[in-house]
Amino acid sequence: MNVLKMTDIKKSFGDNEVLKGVSLTVDEGEVVSIIGSSGGGKSTLLRCATLLETVDGGIITYMGDDVTYYNAKGKLCYSKDLKKFKRVFGLVFQNFNLFPHFSVLKNVMDAPVSVLGRDKKEVREECLALLNKMGLGDKAKAYPCELSGGQQQRVSIVRALAMKPDILFFDEPTSALDPELTGEVLKVIKSLAEEKMTMVIVTHEMAFARAVSDRVIFIDNGIIVEEGTPDDIFGNTKNERTRQFLQNYNN
Amino acid sequence: MTLTTMIQKMSEGLGNTCAIFFYTLLFALPLGVVFALLRMSKNIVISKLTQLIVSVLRGTPLMLQLLAVTYGPYYLFGMSISRNKLIPVVIAFSINYAAYFSEIYRGGIESISVGQYEAAAILGYSKAQTFIKIILPQVIRRILPSVTNEIVTLVKDTSIAFTVSYQEMFTIGKQIANSQTSFMPFVVAGVFYYIFNALVGFVMGRAEKAMSYYKQ
Ligand SMILES: Nc1ncnc2c1ncn2[C@@H]1O[C@H](COP(=O)(O)OP(=O)(O)OP(=O)(O)O)[C@@H](O)[C@H]1O
Ligand SMILES: [Mg+2]
């Protein structure tokens, strides 16, 4: 089943048409990487998918349920029950956005308890186990400001995972990190891929994208220019724009 | 009059000074939240109107506002002047300080990055939960020093109540100064205010320390 299906998504900011009809499906257990030059609309696409922005046109569907639809008059509408959809996805931000006044454990535990209304003790054990798994077992009591960037990003991944999303989005999860810290975060994402977590990853780490993805999407200027397996895209793309982008990238 | 009787008489007014102080904080701190929320309202009319009210409250002397609240109802509607002067004093002080607090709150709320709201939205927190659990604690931490400044000013401003002859410490001191033609009561008043503010500084310092368990 498609976990996410986006069809002909359009989005403008004023006169600036940022998404010009983007369609994208993500199957269960699939890892999709999105690459593309700056300003191409990658973040905007993720923000539309995660309901941080409203789209101007197009259908978004999660697990077969419509988030947006056209009513009888042909007007685009959002589902009344957006809360339901918010449980389906998680998003990991470039700059983590951890809650600075919460300890690591509270950052991770609070939403499952106070949003999903789950049992505190049970959530606590789960979260401690997750933190342990991510090599953060000894940081549960620390505050975000006491952690390195890489550790903070791993905490924010655990925070997203603690909500047990069906799909996890990443918007350049390593771009705010010092080069020597990107590895630990990429390793965590790789381990999630091995566990068949459904993921959509916007990244500038080409080697990583090639290694971890089932599918790679190249977005430029608000449209999907090319889409294929990592080998299609990185190995021997036939598309001139893709080749140009990757070539600039390697230099 | 000996210095001891002077201090004793003025101390009797300290209760009333504290009454102005605590009642004003009690009402002005939450009223400031209301002003701040109205000011940040998406409704332009409400927002602009609140902005105007706040700017008048901040741009005219508290003494004038106090006189208006105390005697305005008499001149405008022929209502009798309230015998318990604490009521108009607290009303005038609360509204005036709420205006100052509201601007501090607004600055604090606007200084929180959108990322905090977005992270909360993604996790499914409701608007109320986001504000109370995520935003407000961070705002309080940030604005505490500015709020302390206002509270220190409030301690000193309680003396303005002498303009409507409310029997607080400074009013009594001024009466003694007049009847005894002595400067001493003002010295005593100065010492009282200084000690009061030393206490305020101590309490607020503790509060700031208690909240500084994380770096912002
Ligand atoms: N809130 C906004 N208001 C106005 N314009 C916006 C807004 N968000 C994004 N844009 C514009 O949309 C375009 C696409 O931006 P977007 O952030 O999606 O690009 P991107 O592919 O993620 O780029 P990068 O690789 O630099 O992150 C840019 O021209 C940007 O200026
Ligand atoms: Mg981006």
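Everything below is about the structure printed above this text.
Cut-offs applied
- Residues numbered from 1 in each chain as written.
- Chains lettered and ligands numbered in written order.
- Predicted model: local features only at pLDDT ≥ 70, side-chain atom pairs only at ≥ 80, totals over all residues.
- Heavy atoms only, no water.
- Pairing = 2+ DSSP bridges.
- Helix = DSSP H or I, 4+ residues; strand = E, 2+ residues; numbered from the N terminus.
- Axes fitted to C-alpha atoms, helices over the stretch in contact; angles between N-to-C directions.
- Contact = heavy atoms within 4.5 Å.
- Near = heavy atom within 4 Å.
- Polar contact = N/O pair within 3.5 Å; in protein donor to acceptor, adjacent residues only side chain to side chain.
- Areas by Shrake-Rupley, 256 points an atom, 1.4 Å probe, with all protein chains shown as cover.
- Nonpolar A, V, L, I, M, F, W, Y, C, P; charged D, E, K, R; others polar.

Residue and element names in this part refer to chain A. Sheet architecture is open: 6 strands sit in the order β8-β9-β10-β3-β11-β12, paired in mixed fashion. Only two strands of the sheet have a single partner each, and these edge strands are β8 (89-92) and β12 (223-228). Strand after strand, the sheet turns through a mean of 20 degrees between neighbouring axes, direction not considered. With 4 bridges connecting them, strand β3 (residues 31-35) and strand β10 (residues 199-202) associate as parallel partners. Residue Val-32 lies in a different strand from β10, and its bridge partner there is Val-200. Where helix α1 (residues 42-49) meets the sheet, it contacts β3, β8, β9 (167-171), β10 and β11 (215-220), and its direction lies at approximately 150 degrees from that of β9.

Below, the discussion takes up the site of ligand 1. All names here are of chain A. The environment of ligand 1 is formed by 13 residues, the closest being Ser-38, Gly-39, Lys-42, Ser-43 and Thr-44. In the model, an oxygen atom of ligand 1 is placed 2.6 Å from a nitrogen or oxygen of the Ser-38 side chain. For ligand 1, whose unbound accessible area comes to 640 Å², protein coverage reaches 60%. Those elements that place two or more of their residues in the shell around ligand 1 are β2 (16-27) and α1. Top contributing element to the shell around ligand 1 by residue count: α1, with 3 residues. Taken together, the residues of the shell around ligand 1 sort by class into 2 nonpolar, 9 polar and 2 charged.

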